[in-house]
Amino acid sequence: MIRPPPPGQGKRGEQGYLAYLLRQAQAAARLAMERALADLGVTPPQFVVLTMLRAYPGLSGADLARVALLTPQTVGVIIRNLERDGAIGKAPHPIHGRVLQWRLTRRGETRLDKCRRRALGIERRLMAGLPKQAQTTIRRWLARIATDLG
């Protein structure tokens with residue numbers, strides 16, 4: 001029986017397909033984030049929703065789903081859980097009354113700050129040993145992929 005090589009070797013390394021390597025890296029980063037946030041009681045998708053609400057307060061559930069790259073159904077569950085926990089609050093849209101706009105509460109801000117400290121630790125590990133110019137190039141490249149292929 002043939003065993004595949006560990007991550008970083010063979011087709012799972014520099015000789016691998018770029019799209020696979022991006023997926024492999026994303027899976028590793030997500031696992032690291034899950035582990036880092038677990039004792040805070042926050043999942044990576046919840047962290048993304050909290051982050052997007054800090055950056056763009058007043059988003060609707062549909063808007064959150066788009067910017068968080070999650071399904072509307074998943075965001076609906078996340079919103080219910082975060083609202084139940086007091087991390088977010090809602091207000092009707094001033095023009096479209098049936099649309100709800102979501103914002104972080106003080107409790108949500110505090111929770112996000114704790115999560116962000118953990119996330120920054122993971123980002124430091126991701127960029128360890130890379131010069132600032134390389135980090136900038138990687139960020140631009142990843143953003144361009146999302147723009148060009150999205």
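It should be noted that the structure appears before, not after, this text.
Residues numbered from 1 in each chain as written. Predicted model: local features only at pLDDT ≥ 70, side-chain atom pairs only at ≥ 80, totals over all residues. Heavy atoms only, no water.

Visitor: Can you help me understand the layout of surface pockets in this one?
Guide: In this approach, a probe sized like a water molecule rolls over the atoms, and the result shows the empty space that is left. Here the largest pocket is characterised by a volume of approximately 2,000 Å³. As for the largest pocket, its lining consists of 38 residues, of which Ala 25, Gln 26, Ala 29, Leu 126 and Leu 142 are closest to the centre. Every element with two or more residues in the lining of the largest pocket is listed here: α1 (18–37), α2 (44–55), α3 (61–68), α5 (106–127) and α6 (132–149). Looking at the lining of the largest pocket, the element that brings in the most residues is α1, giving 13 residues. (1 Å grid on protein atoms, 1.4 Å probe; cavity = no way out; pocket = protein on both sides within 12 Å on 5 of 7 lines; lining within 4 Å. Points joined across faces, edges and corners; volume = space filled by probe spheres on them. Helix = DSSP H or I, 4+ residues; strand = E, 2+ residues; numbered from the N terminus.)

Visitor: I would appreciate a short explanation of the environment of Glu 123 in the present structure.
Guide: By secondary structure assignment, the location of Glu 123 is in helix α5. On the basis of relative accessible area, Glu 123 is assigned to the partly exposed category, the value being 29%. Sequence spacing of Glu 123 and Met 33 is 90 residues, and the spatial spacing of their C-alpha atoms is 9.9 Å. Apart from the residues within four sequence positions on either side, Glu 123 is in contact with Arg 116 and Arg 139. Separated by 3.4 Å, the side chains of Glu 123 and Arg 139 make a polar contact. (Buried < 20%, exposed > 50% of the residue type's maximum accessible area, 1.4 Å probe, protein only. Contact = heavy atoms within 4.5 Å. Polar contact = N/O pair within 3.5 Å; in protein donor to acceptor, adjacent residues only side chain to side chain.)

Visitor: Help me out: how do you make sense of the pattern of salt bridges in this one?
Guide: Pairing is possible between side chains of opposite charge, provided their charged atoms come close. Going through the model one piece at a time under the given rule, you end up with eleven salt bridges. In this structure, the salt-bridge partner of Arg 54 is Glu 109, at a minimum N-O distance of 2.6 Å. Residue Arg 54 is located in helix α2, and its partner Glu 109 is located in helix α5; the two are separated by 55 residues in the primary sequence. We classify Glu 109 as partly exposed; its relative accessible area is 31%. For Lys 90, the salt bridge goes to Glu 83, with nearest N and O atoms at 3.2 Å. Here Glu 83 falls in the partly exposed class, since its relative accessible area comes to 30%. (Salt bridge = Lys/Arg side-chain N within 4 Å of Asp/Glu carboxyl O.)

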